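# Breakdown of the fold
Chain residues, written in single-letter form:
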Amino acid sequence: MNNRKAPQGKPTFTQKVKRRLRYYRRQALQPVRWLAYTTGQTKFVPPPDRMYIESTNICNLNCIMCPTGLKLIKRPKGYMDFDVFKQIVDEMAPWVRATTLHIWGEPLLHPRIFDMVEYCSKKGLRSEISTNATLLTEEKSKRLLDAGLSAIYLSIDGLRPETYESIRVKADYERTNANIRRFVELKVEGGYRTYVNIQIIKMKQTLDEIREFVHVWSLPGVDRINVKPFDSWGDQVEQISELRPNEVKLPEKRWACPNLWYHVHIYWDGSIAMCDRDFNLNFPLGNVIDEDGKVRVMKNWNGPQMQELRRRHLENDLDDVSPCNKCTEWAWWKPSPFFAQGNRPADEGSKIVRLSDNGPIIIGLDDLEE
């Protein structure tokens, strides 16, 4: 067997045991983490459930719903150093369920993205990327699959060229379409286990195309069609907020944002952000790269800045905390003793269209136009 296919091959007995032990350790932390959240613990918080790593904040498109595409991100541009990345993974792989290799930017632009995926596989850490697929050539597709990528989100916002190209500015619909289809074919042909999500963002421009989109992309090798909820990025940019397809209904009482107890976001230069909505680091939370050059994620996860932000969320003292003071996405989900999730509304889980042998199972799309 080709060495690069090894991560996708049948695991050894030792690997199975290690994976099972990691699984039980992570599961055992869920009620502990929930207890820390519900009791308002700010200092002694267990390791996060999920990790978000920004491999780069550079992108090749100018998407209309994205602060990167609108040139609103003022942070320096760059690529995460591979040694820093390895140290982050070494520390956190035993604890987190998964890591993304993207936050702001196109991950396929990172010159070592395939090494990053392979390193995660080596460490038993589930890796995920979301890509605009414009750079997803056949060669890059094979390298991602061979490296052992756990999941990929292939974004194609629109069923028709005019819709897609008006949203994903500078992209070519036919090229992206072909890249995605070839990736799915390569997955099937090679028997890879990479979980393939075909993704469309639910926004004003796409609403009329979503149902047909689901049927068109119900292909062998596609595991899920992700109708991604619209994210306003904290309602900081009116130009983006205007794309929202429906009104936001918030609970009467605000609760502390679970992200601060469950998700860690690390930008390419090692900076820790409260979440991806703080795209310009308005509220810095330290840097995982310590003064001696060593990486220490947990030191910052429970550091003084994060403790202060958690306290302010618990006390709803957020008037001068940007972007929290305008954010509506805090209400997307609330953890339970044995449940936590990624960055999407809990009730939007039904907007994920799961595929079966008999075609798509469309559940919960009643608010979409027929």
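Residues numbered from 1 in each chain as written. Predicted model: local features only at pLDDT ≥ 70, side-chain atom pairs only at ≥ 80, totals over all residues. Heavy atoms only, no water.

Attention now goes to the pairing of strand 4 (residues 151-155). Where burial is concerned, most of strand 4 is hidden: 5 out of the 5 residues are buried. Because side chains alternate across strand 4, one face comprises the buried residues Ala 151, Tyr 153 and Ser 155, and the other comprises Ile 152 and Leu 154, equally buried. In the sheet, strand 3 (residues 126-131) pairs with strand 4 via 4 bridges, with the strands oriented parallel. Its bridge partner lying in strand 4, Ile 129 is registered against Ile 152. Of the crossover connections in this fold, the one passing from strand 3 over helix 4 (residues 138-147) to the parallel strand 4 is right-handed. Note that strand 4 and strand 5 (residues 195-201) share 5 bridges and pair parallel. Each residue of the ladder has a partner; that of Ser 155, found in strand 5, is Gln 199. (Buried < 20%, exposed > 50% of the residue type's maximum accessible area, 1.4 Å probe, protein only. Helix = DSSP H or I, 4+ residues; strand = E, 2+ residues; numbered from the N terminus. Pairing = 2+ DSSP bridges. Right-handed = clockwise from strand over helix to strand, strands pointing away.)

Our focus in this paragraph is the packing of aromatic side chains. Under the counting rule described, the total for this entry stands at 11 aromatic pairs. Pairing Trp 104 with Phe 279 gives two aromatic rings, centres 5.9 Å apart and planes at 80 degrees, and the pair type is edge-to-face. One end of the pair, Trp 104, is in the loop between strand 2 (98-100) and helix 3 (113-122); the other, Phe 279, is in the loop between strand 8 (272-273) and helix 10 (297-301), with 175 residues separating them in the sequence. Of the two residues examined, Trp 104 and Phe 279, each falls in the buried class. Centre to centre, the rings of Trp 255 and Trp 330 are 5.2 Å apart; their planes meet at 85 degrees, and the pair counts as edge-to-face. With Trp 255 in the loop between helix 8 (238-241) and helix 9 (259-262) and Trp 330 in the loop between helix 11 (304-314) and strand 9 (352-356), this pair connects stretches of sequence that are 75 residues apart. Accessibility classification places Trp 255 together with Trp 330 in one group, the buried group. Of the aromatic side chains, those joined through ring pairs into one cluster are Tyr 37, Trp 261, Tyr 262 and Trp 333. In this arrangement the basic side chain of Arg 277 is found over the ring face of Trp 332, its NZ or CZ atom lying 5.3 Å from the centre. One residue, Arg 310, lies across the ring of Trp 301, its end atom 4.7 Å from the ring centre. (Phe/Tyr/Trp six-rings, centres within 6.5 Å; stacked < 30°, edge-to-face > 60°. Lys NZ or Arg CZ within 6 Å of the ring centre and 35° of its normal.)

This part covers a nonpolar patch on the surface. Side chains of Phe 13, Val 17 and Leu 21 sit close together on the surface and give an oily, nonpolar patch of about 330 Å² of accessible area. Inspection of the secondary structure puts Phe 13 in helix 1 (residues 13-38). (Patch = residues over 30% accessible without salt bridge, like charges linked within 9 Å, V, L, I, M, F, W, Y side chains within 5 Å. Areas by Shrake-Rupley, 256 points an atom, 1.4 Å probe, with all protein chains shown as cover. Salt bridge = Lys/Arg side-chain N within 4 Å of Asp/Glu carboxyl O.)

Right, let's talk about a positive patch on the surface for a bit. On the surface, a cluster of positive charge is made up of Lys 71, Lys 74, Lys 77 and Lys 170. Position of Lys 77 relative to the elements: it lies in the loop between strand 1 (50-53) and helix 2 (82-92). (Lys, Arg positive; Asp, Glu negative; His and termini not counted. Charge placed at Lys NZ, Arg CZ, Asp CG, Glu CD.)

Here we take up the pattern of salt bridges. Applying the stated criterion to the full structure yields 26 salt bridges. Between Arg 33 and Asp 49 there is a salt bridge, with the nearest N and O atoms lying 3.8 Å from each other. Taken as a pair, Arg 33 in helix 1 and Asp 49 in the loop between helix 1 and strand 1 lie far apart in primary sequence, 16 residues in all. Per residue, the accessibility class of Arg 33 equals that of Asp 49, and both read buried.

We now examine the side chain of Arg 50. If you trace the backbone, Arg 50 turns up in strand 1. Polar contacts involving the side chain of Arg 50 include one to the side chain of Tyr 52, which spans 3.2 Å. (Polar contact = N/O pair within 3.5 Å; in protein donor to acceptor, adjacent residues only side chain to side chain.)

Looking now at the packing of helix 2 against helix 3. Helix-helix packing is described using two parameters, namely the angle between the two axes and the distance between the axes. At their nearest, the axes of helix 2 and helix 3 sit 11 Å apart, and the two run at 20 degrees to each other. Comparing their axes, helix 3 and helix 2 come out roughly parallel. In terms of crossing hand, the pair formed by helix 2 and helix 3 is right-handed. Counting all contacts with helix 2, which are made through Phe 82, Phe 85, Lys 86, Val 89 and Asp 90, the residues of helix 3 involved are Asp 115, Met 116, Tyr 119 and Cys 120. Looking at side-chain class alone, the contact of helix 2 with helix 3 contains 6 nonpolar, no polar and 3 charged residues. (Axes fitted to C-alpha atoms, helices over the stretch in contact; angles between N-to-C directions. Parallel < 35°, antiparallel > 145°, perpendicular 65-115°, else oblique. Left-handed = near helix turned anticlockwise from the far one by under 90°. Contact = heavy atoms within 4.5 Å. Nonpolar A, V, L, I, M, F, W, Y, C, P; charged D, E, K, R; others polar.)

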